[in-house]
Amino acid sequence: LVAKFGAQPFIVTLGMMGVLYGVGLAISSGPTGLVPFSVMAIYEVTAGPVPVAVLVMGLVWVVAWWVLRSTRFGRATYAVGGSPDVARLAGLNGDRVIMLAYTLCGLMSAAAGIFLLARSGVGNPNMALGLEFKSIVAAAIGGVSLYGGRGSVAGVFGAVLLITVISNLFDLFQFS
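Residues numbered from 1 in each chain as written. Predicted model: local features only at pLDDT ≥ 70, side-chain atom pairs only at ≥ 80, totals over all residues. Heavy atoms only, no water.

1. Describing the overall build of the chain
Put simply, the rule is: Going along the chain from the N terminus, every DSSP run of H or I of four or more residues is numbered as a helix, and every run of E of two or more is numbered as a strand. Here, residues are in contact when the closest pair of their heavy atoms is within 4.5 Å. Accessible surface area values rest on a Shrake-Rupley calculation with a 1.4 Å probe, where residue burial reflects the displayed protein chains alone. This count recognises Lys and Arg as positive and Asp and Glu as negative, with His and chain-terminal groups excluded. Charge coordinates come from a single atom per side chain, which is NZ of Lys, CZ of Arg, CG of Asp or CD of Glu.
A count of helical and extended segments in the chain gives nine helices and four strands. Overall, the chain is about 50 × 40 × 35 Å in size when its C-alpha atoms are taken along their principal axes. Look at the contacts in the chain between residues 6 or more apart in sequence, and 61% of them connect residues 24 or more apart. With the model as given, the accessible surface of the chain reaches about 12200 Å², and the carbon-plus-sulfur share is 71%. Taking the 9 positively charged and 5 negatively charged side chains of the chain as two groups, their mean positions are separated by 14 Å.

2. Regarding the pattern of salt bridges
The criterion, for reference: Think of a salt bridge as a Lys or Arg side-chain nitrogen and an Asp or Glu carboxyl oxygen that are within 4 Å of each other.
What the rule picks out here adds up to one salt bridge. With a closest N to O distance of 3.6 Å, K4 and D95 form a salt bridge. Within this pair, whereas K4 is found in helix α1 (residues 2-5), its partner D95 is found in helix α7 (residues 94-120), the two being separated by 91 residues in sequence.

3. Observations regarding unusual backbone geometry
The test is simple: Burial status follows relative accessibility: with a 1.4 Å probe on protein chains alone, a residue under 20% of its type maximum counts as buried, one over 50% as exposed, and anything between as partly exposed.
Of note, Q174 is a non-glycine position whose phi angle comes to about 55 degrees, a positive value. Mapping Q174 onto the fold places it in the segment after α9 (153-172). Looking at Q174, the relative accessible area reads 73%, which means it is exposed.

4. Examining the environment of A90
Within the secondary structure, A90 is located in the loop between α6 (84-89) and α7. The sequence separation of A90 and L129 amounts to 39 residues, and the corresponding C-alpha distance is 40 Å.

5. Some points on the environment of G142
Here G142 shows up in the loop between α8 (131-141) and α9. Given a relative accessible area of 12%, G142 falls into the buried group. The sequence separation of G142 and L129 amounts to 13 residues, and the corresponding C-alpha distance is 21 Å. Those residues in contact with G142 that lie beyond four places of it in its chain are S152, G155, V156 and A159.

6. Re the environment of R119
Structurally, R119 is set in helix α7. A residue is classified by how much of its surface remains accessible, and R119, at 57% relative accessible area, is exposed.

7. Some details on a nonpolar patch on the surface
Worth spelling out the cut-off: Nonpolar side chains (Val, Leu, Ile, Met, Phe, Trp, Tyr) are joined into patches within 5 Å and like charges within 9 Å, using only residues with over 30% relative accessible area and no salt bridge.
A cluster of nonpolar residues, I141, L162, V165, I166, L169, F170, L172, F173 and F175, forms a patch on the protein surface that exposes about 890 Å² of accessible area. Top element by residues in the nonpolar patch is α9. It accounts for six residues. With respect to the element layout, F170 can be found in helix α9. The exposure class assigned to F170 is partly exposed, which follows from its relative accessible area of 39%.

Have a look at this one:
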């Protein structure tokens, strides 16, 4: 929809989130079933004192930083996000870049979903309610333009750490 029909990415993303959330609620309106032990083990495995989930997250951040900073695809992503018309005039296939970016984003979202599932041990369509707001806030605080073409992985990482620390402090001090 975004690449081929020029629909607004923010609206399409939120719309798809609503559709998939509705599908999840149609399947089950609350927690259901137990997750197999092999999936739950993903969250509990450690490499020394460090959980493997933390190592995987760190690796994903480093790879994302490297890809956006040092590859043709990364430069093309910023170019298409900044100005699709200028990127097209420069010889970039904007539709291809957009589709690949959305595909990679979907894969990372699926990986995050698997880690959430492994952490909770039960399937729940309401598990990630509110995380979309946190992710938008983290991107905005981290310097990512919601109109495209600007932002950095390091800025978003710092914003995620800030939001996580604030959220944990609120939980610790029992603030609503």
